[in-house]
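Listed below are the residues making up each chain.
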Amino acid sequence: MIIDGHVHIGTSSYFHMSADADWLVRQADAAGFDKLFVTDLNALFYDMSEGNDAFARELARYPDRLIGYASVPTPRLGQRAVDEVRRCYETHGMRGLKIYSLPEATIAEPGTYPLLEVAAELDMPVLAHTTPAECDQLMEHVPQVRLVMAHMGGHPWASGDWHRAIAVAKRHENLLLDTASSQIDNGMLELAVAGLGAARIVFGTDMPLLDPYTQLAKVQGADLDDDAKALILGGNYARILGLR
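Below is a summary of the structure that appears in this document. These numbers were taken from a predicted model, which means no experiment stands behind them. (Residues numbered from 1 in each chain as written. Predicted model: local features only at pLDDT ≥ 70, side-chain atom pairs only at ≥ 80, totals over all residues. Heavy atoms only, no water.)

A few words on the packing of helix H9 (residues 212–220) against helix H10 (residues 226–241). Each pair of packed helices can be described by the angle between their axes along with the distance between the axes. Axis separation between H9 and H10 bottoms out at 10 Å; the angle between their running directions is 150°. It follows from the interaxial angle that H9 and H10 lie roughly antiparallel. In this structure, H9 uses Leu216, Val219 and Gln220 to contact H10, whose residues at the interface are Lys229, Ile232 and Leu233. Looking at the contact of H9 with H10 residue by residue, the class counts come to four nonpolar, one polar and one charged. (Axes fitted to C-alpha atoms, helices over the stretch in contact; angles between N-to-C directions. Helix = DSSP H or I, 4+ residues; strand = E, 2+ residues; numbered from the N terminus. Parallel < 35°, antiparallel > 145°, perpendicular 65-115°, else oblique. Contact = heavy atoms within 4.5 Å. Nonpolar A, V, L, I, M, F, W, Y, C, P; charged D, E, K, R; others polar.)

On to the sheet that holds strand E1 (residues 3–12). Sheet architecture is open: nine strands sit in the order E2-E1-E3-E4-E5-E6-E7-E8-E9, paired in mixed fashion. Because the sheet does not close on itself, it has two edges, and the strands there are strand E2 (17–19) and strand E9 (201–202). Of the pairings in the sheet, the one linking strand E8 (residues 175–178) to E9 comprises two bridges and is parallel in character. Residue pairing for E9: Asp178 is matched across the bridge by Val202. In this fold helix H1 (residues 21–31) packs onto E1, E2, strand E3 (35–40) and strand E4 (66–72), with an angle of close to 145° to the strand it touches most, E1. (Pairing = 2+ DSSP bridges.)

Here we take up the nonpolar core. Grouped together as the largest cluster of nonpolar side chains are 69 residues, with contacts concentrated most on Leu36, Met152, Leu177 and Ile201. If we ignore the near neighbours within four places in the chain, the residues touching Met152 are Asp161, Trp162, Ala165, Leu177, Asp178, Thr179, Met188, Leu189, Ala192 and Ile201. In this structure, Phe37, Ile67, Tyr237 and Leu241 belong to the second largest nonpolar core, which totals 13 residues. (Core = buried A, V, L, I, M, F, W, Y, C linked by side-chain atoms within 4.5 Å. Buried < 20%, exposed > 50% of the residue type's maximum accessible area, 1.4 Å probe, protein only.)

Turning next to the pattern of salt bridges. Tallying each qualifying case throughout the model produces nine salt bridges. A salt bridge links Arg76 to Glu109, with the shortest nitrogen-to-oxygen separation between them at 2.9 Å. Here the residue Arg76 occupies a position in the loop between E4 and helix H4 (79–92), and Glu109 occupies one in the loop between strand E5 (96–99) and helix H5 (113–121), the gap between them amounting to 33 residues. Residue classification places Arg76 among the exposed residues on the basis of a relative accessible area of 62%. Relative accessible area serves as the criterion here: at 17%, Glu109 is assigned to the buried category. The salt bridge involving Glu84 is made with Arg87; its shortest N-O contact spans 2.9 Å. A residue pair is termed a helical-turn pair when its members lie 3 or 4 positions apart in one helix, as Glu84 and Arg87 do in helix H4 at three residues. Its relative accessible area of 4% is what places Glu84 among the buried residues. (Salt bridge = Lys/Arg side-chain N within 4 Å of Asp/Glu carboxyl O.)

Listed below in structure tokens is the structure:
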């Protein structure tokens, strides 16, 4: 089973993208992906609740192919954001939490802790654009949350921060590294697996912002055994989400 754990739905002129559920499933079929773990751009950039509700209607059309992240644009919405995560889980069956962040708009602050705590309570993995230093701080305060460090420690362009990402992840057993990145360094996945084990690395493409075929080839072409690749490409998310 291949599960792409880092996918976007919605329309954005800034990102030059437009993707609905039909388009995503067609891309998944072509690439051989079984399931997509998806976050909604409208919820992140326009209206949180309206975007999550519209996304839920798309999820209902492909319940066997799409898995939903409850999307929160900022932890600074306070209790409203916490309530939204619980609502999306209970009402829409969303299984993860996506918190939008940038190094210039950090989420490594006390206001984020309640969001991570409710995610941990509901057993929802959290995907965020967090740096290694931010993850270190967040995991110190909420060690029980399963936090996925998007792009293995940087933005899609990264800056070699995957070295720091691996070092920080060694200190926190619930910190996972996401493979999606336009930076493809030789030895990146091999070093991550050697340092953490394949069970701590999860596959993501950042589709449609990045090419899913390049992201898939990065894992398939890595100098890893088949069991490790199977865990990264889908086995880990299947275990985390209780999928068969």
